[in-house]
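# Commentary on secondary and tertiary structure
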Amino acid sequence: MKETIYIRNALFGLAVFVIIFCGWILTLDGEIKALGVSAMAAAAIVFTFLMQLLAVKRTEGLQRRFIGLLLLATIFYAAAEVVWFYEEKLAGGLDSVPLWSNILYILNLLSYIAAFSLLTFAIKNRYQVIYFAIDILIIYFSVTAILWVYWLHPLYEEAGVAYGLGITSFIYPALELLLLFALSATMFLKKYFFPLKTMLLLICSIALFFISDCIHLLALYYDRFEPNSLLEVMWSSAIVLQGIAALQLYLKRSSFRRGENIFYYEAGSYPVARSVVNIGNILILFLIFSTSQDSTAGAGLLIIIFLVYSRQLLASSHLNQMTLSYQELARDLENQVDKRTEELSRKNAELEKSSSRLKYMALHDQLTDIWNRRALEGRLKTLFEKSLEEGKKVEFALIFIDIDKFKEINDRLGHSYGDELLIEFTRRVKQEFPPDAFIARQSGDEFVVILEGCQSKKEIESLIQKFFKANEKGYSIYGEEVNITFSLGASFFPEDSRNANELLQAADMAMYAAKQHGKNNYQFH
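Parameters and conventions
Residues numbered from 1 in each chain as written. Predicted model: local features only at pLDDT ≥ 70, side-chain atom pairs only at ≥ 80, totals over all residues. Heavy atoms only, no water. Helix = DSSP H or I, 4+ residues; strand = E, 2+ residues; numbered from the N terminus. Buried < 20%, exposed > 50% of the residue type's maximum accessible area, 1.4 Å probe, protein only. Contact = heavy atoms within 4.5 Å. Pairing = 2+ DSSP bridges. Axes fitted to C-alpha atoms, helices over the stretch in contact; angles between N-to-C directions. Expected span 1.5 Å × (residues − 1). Polar contact = N/O pair within 3.5 Å; in protein donor to acceptor, adjacent residues only side chain to side chain. Salt bridge = Lys/Arg side-chain N within 4 Å of Asp/Glu carboxyl O. Patch = residues over 30% accessible without salt bridge, like charges linked within 9 Å, V, L, I, M, F, W, Y side chains within 5 Å. Areas by Shrake-Rupley, 256 points an atom, 1.4 Å probe, with all protein chains shown as cover. Right-handed = clockwise from strand over helix to strand, strands pointing away. Core = buried A, V, L, I, M, F, W, Y, C linked by side-chain atoms within 4.5 Å. Phe/Tyr/Trp six-rings, centres within 6.5 Å; stacked < 30°, edge-to-face > 60°. Parallel < 35°, antiparallel > 145°, perpendicular 65-115°, else oblique. Left-handed = near helix turned anticlockwise from the far one by under 90°. Nonpolar A, V, L, I, M, F, W, Y, C, P; charged D, E, K, R; others polar.

Another aspect to go through is the overall build of the protein. Helix and strand counts for the protein come out as 15 helices and seven strands. Counting over 525 residues, the protein shows a buried share of 44%. Taking the intrachain contacts of the protein between residues at least 6 apart in sequence as the baseline, contacts between residues at least 24 apart amount to 73%.

As structure tokens, then:
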């Protein structure tokens, strides 16, 4: 809000300044008019200089450098005006634009071009800026060559102006036209990232300079130029607009840092239209040069051919860089994919290992590393389901083993001693029963052995007796010898039951019957 008020007041002040300036020129004559015009022109320069100096001191980075180049342009402009004033007032009048004024005016414009070129450093994708600049320059050189050959050169010849002097005088408005053309195209295509109000103020300033300089040159060469004319108002207004633009930049405090902005220009779009424009410009300038033999048209033709060729080389280089970048990106992506695939394979292997371990732990006793009660239930369920299948004959024996007085051993010698005893007892069970026997720890000191394919109780009894004989030898636990006894009960499928729980209960009852008969014994159901 405050920024808008300041700019509005500055523009209002410019309007008042223009009205007073015009009134002074139109109503007064003589030395008073000349002094007033000089004073107001000097005031416009001083105002712009102070605004730009304030903005330079209060800003930083690229913004400060940009305004610094605008300040340098104002200094060149002021120096050119001083030389002009000296030649006009003190050296006896003017027949043409003084040489040093021309040089300083050109330096003034080159400073503007350098300032706007500096802004490209704030753009990340500079290739797009170069494409845009080349496209603008191709059209610009065609337009300026046509204007020179068909308008300005004939006028200069008619006025008797030498060719070299005409070209020298044409440079300044030509540079203004280039800057005005580039800024206007930027605004028209909406590719600007610079503050919009500042762009409008600077475009208006350059436009005023261009129009007034063209009028001044034509008037000067036709000997119709009058000092202290309304052209002074246009020049002063143009320089004041630059001061207001600097004020707006200072108030806006727009930050444009190196590589921060994106310049959106579809350099690859409409290739057919671009080719037609380029070929058309080349053909037009070739026809103009071949008919007029004008060196300016020839120079413009060479410049356009060079620009078109440069654009093709730049596009090719850009394409190669993009290809290399994509190839490098593809390699990096491939490496990342390989790395991720390897990592994923390792994770999957670890997951499968962990899953297998969890499944193993879910079905095995942690202490003795044999099957647990859940695995026993699953095995019995499988056997009973298999027996229900048509044509399947299933027979097996179920042996229930319980260590006698194991609780007393735990209480007397400790749980670690009891655990070690269970581990050693498990090893002996696995040694004495067949390798294909299903051995599980039911709970505590209770073990279950399933023997499949057994045909008779006599065969089972032989295995049981062998197991009892093997356990007559004591156990060495932590260097201490201990003798244990156990009771054993057996049941048979399908004789004793066709139900898993009942079959297990039958073996359990047989084991308790053995305990009741003095322990260290076995019983069949």
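Next, the rest of the story.
Moving on, we come to the sheet that holds strand β6 (residues 486–493). The strand order across the open sheet formed by five strands is β2-β3-β1-β6-β7, and the pairing between neighbours is mixed. With one partner strand each, in any of the chains shown, β2 (438–443) and β7 (522–524) form the two edges of the open sheet. Going across the sheet, the axis of each strand differs from the next one's by a mean of 20°, ignoring polarity. When strand β1 (residues 396–403) meets β6, the two strands line up antiparallel, connected through eight bridges. By the bridge assignment for β6, I399 is matched with A490. Sitting on the sheet, helix α14 (residues 457–470) touches β1, β3 (446–452), β6 and β7, and the angle it makes with β7 is about 165°.

A few words now on the side chain of E232. Inspection of the secondary structure puts E232 in helix α8 (residues 231–252). Overall, E232 belongs to the buried group, its relative accessible area being 13%.

This brings us to helix α15 (residues 500–516). Between the first and last C-alpha of α15 there are 24 Å, a value that for 17 residues agrees with the 24 Å anticipated at 1.5 Å per step. Considered for burial, the residues of α15 that qualify are L503, L504, A506, A507, A510, M511, A514 and K515. On its buried face, α15 sits against α11 (373–388), β1, β2, β3, β6 and β7. The N-capping residue of α15, defined by a side-chain oxygen 2.9 Å from the backbone nitrogen of N501, is N499. Within two residues after α15, G518 carries a phi angle of roughly 105°, on the positive side.

Turning next to the pairing of β1. Burial analysis of β1 places eight of its eight residues in the buried class, which makes it a mostly covered element. On β1, burial covers both faces: F396, L398, F400 and D402 on one face and A397, I399, I401 and I403 on the other are all buried. Pairing of β1 with β3 involves seven bridges; the strand directions are antiparallel. Paired with F396 across the bridge in β3 is E452.

Below, the discussion takes up the pattern of salt bridges. This model, assessed by the stated rule, comprises nine salt bridges. In this structure, E343 engages R340 in a salt bridge whose closest nitrogen and oxygen atoms are separated by 3.5 Å. Note that E343 and R340 are positioned in helix α10 (residues 295–363) at a spacing of three residues, about one turn of the helix. A residue is classified by how much of its surface remains accessible, and E343, at 29% relative accessible area, is partly exposed. Since its relative accessible area comes to 54%, R340 is described here as exposed. Two residues, E377 and R373, come together in a salt bridge whose shortest N-O distance is 3.8 Å. With a gap of four residues between them, E377 and R373 both fall in helix α11, about one helical turn apart. On the basis of relative accessibility, which here comes to 48%, the residue E377 falls in the partly exposed class. Residue classification places R373 among the partly exposed residues on the basis of a relative accessible area of 46%.

What follows is about a nonpolar patch on the surface. Residues V46, F49, L50, L72 and I75 make up a contiguous nonpolar surface patch of roughly 400 Å² in combined accessible area. Secondary structure elements with two or more residues in the nonpolar patch: α2 (30–58) and α3 (61–90). Mapped onto the elements, F49 comes out in helix α2. Judged by its relative accessible area of 32%, F49 falls in the partly exposed class.

Okay, the pairing of β6 next. Within β6, eight of the eight residues are buried, which leaves it mostly tucked inside the rest of the structure. Where β6 and β7 come together, three bridges link them in parallel fashion. Bridge pairing in β7 places A490 opposite F524. Between the parallel elements β6 and β7, the chain passes through α15 in a crossover that is left-handed.

Turning our attention to the environment of W235. In this fold, W235 is placed in helix α8. Residue classification places W235 among the buried residues on the basis of a relative accessible area of 8%. Non-local contacts of W235, meaning those with residues more than four positions away in its chain, are made with Y77, F209, S212, D213 and H216.

This part takes up the nonpolar core. In this structure, F66, Y112 and F116 are the most contacted members of the largest nonpolar core, which totals 79 residues. Among the elements that make up this core, the one with the highest residue count is α8 (13 residues). Counting residues in each nonpolar core, the second largest holds 32 residues, with I401, I403, F406 and I484 among its members.

By the definition in use, this model includes 19 aromatic pairs. Consider the rings of F66 and F116, whose centres lie 5.3 Å apart with planes at 75°: the pair is edge-to-face. In this pair, F66 sits in helix α3 while F116 sits in helix α4 (residues 99–118), placing the two residues 50 residues apart along the sequence. Ring geometry for F384 versus F396: centroids 6.2 Å apart, planes at 90°, classification edge-to-face. Residue F384 is found in helix α11, and its partner F396 is found in strand β1; the two are separated by twelve residues along the sequence.

Here we take up the packing of helix α13 (residues 415–432) against α14. At a minimum axis separation of 10 Å, α13 and α14 run at an interaxial angle of 140°. Considering their axes alone, α13 and α14 lie oblique with respect to each other. Remark: the crossing between α13 and α14 carries right-handed chirality. Contacts from F425, R428, V429 and E432 in α13 reach K466, F467 and A470 in α14. Tallied by class, residues from the contact of α13 with α14 come to four nonpolar, no polar and three charged.

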